[in-house]
Amino acid sequence: MDEIKIVIVDDSSFSIAFLRDIFERNGLKVVGEAGTLEEVVSVVKETKPTLVTMDMTLPGTDGLECTRAIHQIDENIKVIVVSSMMDDEIVNEAKKNKVSAYVQKPVDEDELMTAIRRVMAADELFAFLESEYLPVFKEALMDSLNRMTKTVPTSEKVFVSGSEFKSEGITSIIGIIGKFSGRMLLDMSADTADNLVKAILKREPKSMDETIAVIGEFANIISGNACSILNGKNKALGLRVAPPAMLHGDSILISAPNFTTKSVAAETAFGLIWLNAGFQRGEEKWT
Amino acid sequence: MDLKYVSPFMESFENVMPQLGYGNITKGGACFKEQEIINSGVSVIIGIVGKLRGNVVYGLSQAAAKSVASTMMGMEVEELDDMSKSALSELANMLTAGAATLFYDLGLPVDISTPTLLQGENIGIKMSANQVCCVELYADDIKIDVNVAFEK
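All figures in this text were calculated on a predicted structure; none of them were measured in a lab.

**Thoughts on the pattern of salt bridges**
Thinking step 1. Under the defined criterion, the tally for this structure stands at 18 salt bridges over all chains.
Thinking step 2. The residue arginine 20 of chain A makes a salt bridge to glutamate 24 of chain A at a minimum N-O spacing of 3.5 Å. Residue arginine 20 of chain A and its partner glutamate 24 of chain A are located together in helix α1 (residues 13-25), separated by four residues, close to a single helical turn.
Thinking step 3. Given the relative accessible area of 26%, arginine 20 of chain A is considered partly exposed.
Thinking step 4. Residue glutamate 24 of chain A is classed as partly exposed on the basis of its relative accessible area of 44%.
Thinking step 5. A salt bridge links arginine 240 of chain A to aspartate 111 of chain B, with the nearest nitrogen and oxygen atoms 3.4 Å apart. Placement of arginine 240 of chain A in strand β12 (residues 240-241) and of aspartate 111 of chain B in strand β4 (residues 110-112) is noted, with the two residues assigned to different chains.
Thinking step 6. Residues participating in the shared-partner salt-bridge network are Asp10, Asp55 and Lys105 of chain A.

Right, here's the structure in full:
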């Protein structure tokens, strides 16, 4: 774990001292403390913490309002609520406000440290997935193409996509589920699909339905292989794929509004094939 | 495909839409389709994996999509910009997550993928299951087509 910088938000000097002692004993660095909304905003802006512990009841504000203010400054800052109040309603509100974990006072040192380690491990795992996934999906595309058609692309380019792009005509969408959820899509023109399917089947496809079914299976193999390789690199990812949904049309605009995706454009003997994939940080699964 | 796999989506719709301010939730026609479905306007697709494997596709006309986005954002949406698409994806996410919770209660735990949003006229959508179950659901005068396909 990189150095974890913590800000403690609490209106009780006893609680602050108590938490500070726990963190320092465990080698974490406390960079600031705050007891009001104004203090939270200024301390967080100034110290850029990795993590904030948040009391729920604060003078003139509450833990949720402060959490929203923190995420407006930087949505990557993790907030762990440390509060004497804990019931279903308040926990649900905390989840809605993107709180990463909830620890009840009186604080048990092991419980608090376990919550912090879990929250930070999830962060590292996501960073790992973000850095690894595109090369793996690209390799799975190349490998499946090679094994099913005995060809390799003449060129391929990798790039980070905007939130939106226009389909070439036929798209396979495959939902991905696991520790983080995401999706892969494979896009190509109807001509490319036709050429590719002829090469895979070594005959003319019988119908458009058959072409679409073969492309769906091709996409399914790529996503399945890629997710298996990623799971092999880190089994905590636990990625699994949904069956492909196949779309076709003249001018389909595809968006992934809430997360960034990355693409590979592969120029093949059959035409251009686009592979686009992305994962969402999503909500923490609370234990 | 059994109709019981569709009721959690209907129940989730009944739970979620009033939270957004819709008062009158009703059900229109339901049918099974073996062919592909055709959607015009906005479609949002979410993959489902667990005890059940499949996809759900929510279909809204362009006008319905704008109206729902306006309601969710509390301001008139003229064009579907990034923010309104984000709101519509979030709606699909909430509806599907709600259904997932109900599936869990039925002893069928499932997880859901991130939503993908598509726009276009006459988009043909084919899902891997033999049958797609389609239900028209209404929140006031807004119609949302819910198309569910599971592999069994």
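**Notes on the environment of methionine 208 of chain A**
Residue and element names in this part refer to chain A.
Thinking step 1. Structurally, the position occupied by methionine 208 is in helix α7 (residues 208-233).
Thinking step 2. Residue classification places methionine 208 among the partly exposed residues on the basis of a relative accessible area of 42%.
Thinking step 3. Spatially, the C-alpha atoms of methionine 208 and lysine 105 are 63 Å apart, while their sequence positions differ by 103 residues.

**A short note on the packing of aromatic side chains**
Residue and element names in this part refer to chain B.
Thinking step 1. Following the criterion strictly, the structure yields eight aromatic pairs over all chains and no others.
Thinking step 2. Consider the rings of phenylalanine 9 and phenylalanine 103, whose centres lie 5.7 Å apart with planes at 70°: the pair is edge-to-face. Of this pair, phenylalanine 9 sits in helix α1 (residues 7-19) while phenylalanine 103 sits in helix α3 (residues 82-105), and the two are 94 residues apart along the sequence. The burial state of phenylalanine 9 is the same as that of phenylalanine 103; both residues are buried.
Thinking step 3. Three or more aromatic residues joined by ring pairs form one cluster here, namely Tyr5, Phe9, Phe103 and Phe150.

**Some remarks on the interface of chain A and chain B**
Thinking step 1. If you look at the interface, chain A gives 32 residues, while chain B gives 32 residues.
Thinking step 2. Here chain A meets chain B over a buried area of about 2500 Å², counting both sides, of which 53% is carbon and sulfur.
Thinking step 3. Where chain A packs against chain B, one counts two salt bridges.
Thinking step 4. The shortest N-O distance in the salt bridge between aspartate 209 of chain A and lysine 126 of chain B comes to 3.6 Å.
Thinking step 5. Linking chain A with chain B are 10 residue pairs in polar contact (both at pLDDT 80 or more), by the criterion used here.
Thinking step 6. For the side of chain A that touches chain B, the elements supplying multiple residues, two or more each, are β10 (170-177), β11 (181-188), α7, β12, β13 (245-248) and β14 (253-255) of chain A.

Conventions and cut-offs
Residues numbered from 1 in each chain as written. Chains lettered and ligands numbered in written order. Predicted model: local features only at pLDDT ≥ 70, side-chain atom pairs only at ≥ 80, totals over all residues. Heavy atoms only, no water. Salt bridge = Lys/Arg side-chain N within 4 Å of Asp/Glu carboxyl O. Helix = DSSP H or I, 4+ residues; strand = E, 2+ residues; numbered from the N terminus. Buried < 20%, exposed > 50% of the residue type's maximum accessible area, 1.4 Å probe, protein only. Phe/Tyr/Trp six-rings, centres within 6.5 Å; stacked < 30°, edge-to-face > 60°. Contact = heavy atoms within 4.5 Å. Buried area = accessible area lost by both parts, 1.4 Å probe. Polar contact = N/O pair within 3.5 Å; in protein donor to acceptor, adjacent residues only side chain to side chain.

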